[in-house]
Amino acid sequence: MDYTFIVSVRPENCKQNPEPRPGQNPKTSWNSKEDLPMNVYELYFSPTGGTKKAADLLTDALAPKAAQVNLTDSKTAFSDLALTAEDLAVITVPSYAGRVPAVAVQRLAAVKGNGARAVLVCVYGNRAYEDTLVELADTAKEAGFRVMAAVSAIAEHSIARQFAAGRPDAEDAQRLAGFAKQIQEKLARGEDTKPSLPGNRPYKKTSGSKLVPKPTSDCTRCGLCAAECPVQAIRPEDPKKVDESACIGCMRCVAVCPQSARRVNPVMLSAVGLALKKVCSDRKECELFLE
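Just so it is clear, the structure is predicted and the values come from calculations on it, not from any experiment.

### Let's talk about the overall build of the chain
And step 1. When its secondary structure is counted, the chain shows seven helices and 10 strands.
And step 2. Put simply, the chain has 291 residues, and 49% of those count as buried.
And step 3. Sequence separation of 24 or more characterises 83% of the internal contacts of the chain that already satisfy a separation of 6 or more.
And step 4. When the accessible surface of the chain is summed, it comes to about 13,500 Å², and 51% of that surface belongs to carbon and sulfur atoms.

### Looking at the packing of aromatic side chains
And step 1. If you walk through the whole model with that rule in mind, you get one aromatic pair.
And step 2. The ring of Tyr44 carries the charged tip of Lys52 above its face, separated from the ring centre by 4.9 Å.

### Digging into unusual backbone geometry
And step 1. Each neighbour pair has its own omega, and for Arg167 with Pro168 the value is 5°, a cis peptide bond.
And step 2. Along the chain, Pro168 turns up in the loop between β5 (146-154) and α4 (170-188).
And step 3. With omega at 0°, the peptide bond leading from Arg201 into Pro202 counts as cis.
And step 4. Checked against the element boundaries, Pro202 lands in the loop between α4 and β6 (214-215).
And step 5. You will see that Ala164, though not glycine, has its phi angle at about 60°, which is positive.
And step 6. Within the secondary structure layout, Ala164 lies in the loop between β5 and α4.
And step 7. For Arg221, which is not glycine, the phi torsion reads 60° and is therefore positive.

Definitions and cut-offs
- Residues numbered from 1 in each chain as written.
- Predicted model: local features only at pLDDT ≥ 70, side-chain atom pairs only at ≥ 80, totals over all residues.
- Heavy atoms only, no water.
- Helix = DSSP H or I, 4+ residues; strand = E, 2+ residues; numbered from the N terminus.
- Buried < 20%, exposed > 50% of the residue type's maximum accessible area, 1.4 Å probe, protein only.
- Contact = heavy atoms within 4.5 Å.
- Areas by Shrake-Rupley, 256 points an atom, 1.4 Å probe, with all protein chains shown as cover.
- Phe/Tyr/Trp six-rings, centres within 6.5 Å; stacked < 30°, edge-to-face > 60°.
- Lys NZ or Arg CZ within 6 Å of the ring centre and 35° of its normal.

Printed below as a string of structure tokens:
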């Protein structure tokens, strides 16, 4: 298989078909993460980095070496990625108002799962993830994955950053490491049972409302925001112009701007903070769905 299309921040982590130890079943028997006899892939949609941080904590605890597949990258041909039934994928997305971002659904749907096992992870900003996991499970199944575990995790809110600030933190890391051990144990038992997941079908309706970041006078037109936009909503020839109908309000342009020159309307941002204060203030914990 040609892996050159994979956007990998850790290319040394692509491990090909390790040889089983003497007496070890190459498909279902291992005693530690170093013994995992399969290719492990970390597929993630993470515009501001919080989702990727949670994905890394779980994946690194689950397997020491994983190929990185960045679903945020609009330039990658995801239809070229084909897994096998011997592979394991950790598929991680943020929850946007209780749903999987539509662009992440489209890109994951293009991947050929071919019966690979999948661990699903939805990351949310301490409010709620609602139908995100069931939608992600349905999308993964349609792409040919076998869902065998799911996790909800918390990261700093991508818009109102005062909520879940600093998360995932050390306590989250410890909890996710414990989840990884339980997932390893299920893999070692050779179990492929699909976990029961919270959420509803049909999924909740998307609101359609969003905050669109705009450039400030500090913008130097460097073009990085346009190059990094997951949906190409910013014009490369003039980064000060935004296609508001295409923008998904993911805040990636805000996160990557070297001049801190992209912001959302401060009045609207304040209103969002007030609306979320009651539901986001109490600490929520990561959850594991295994059975």
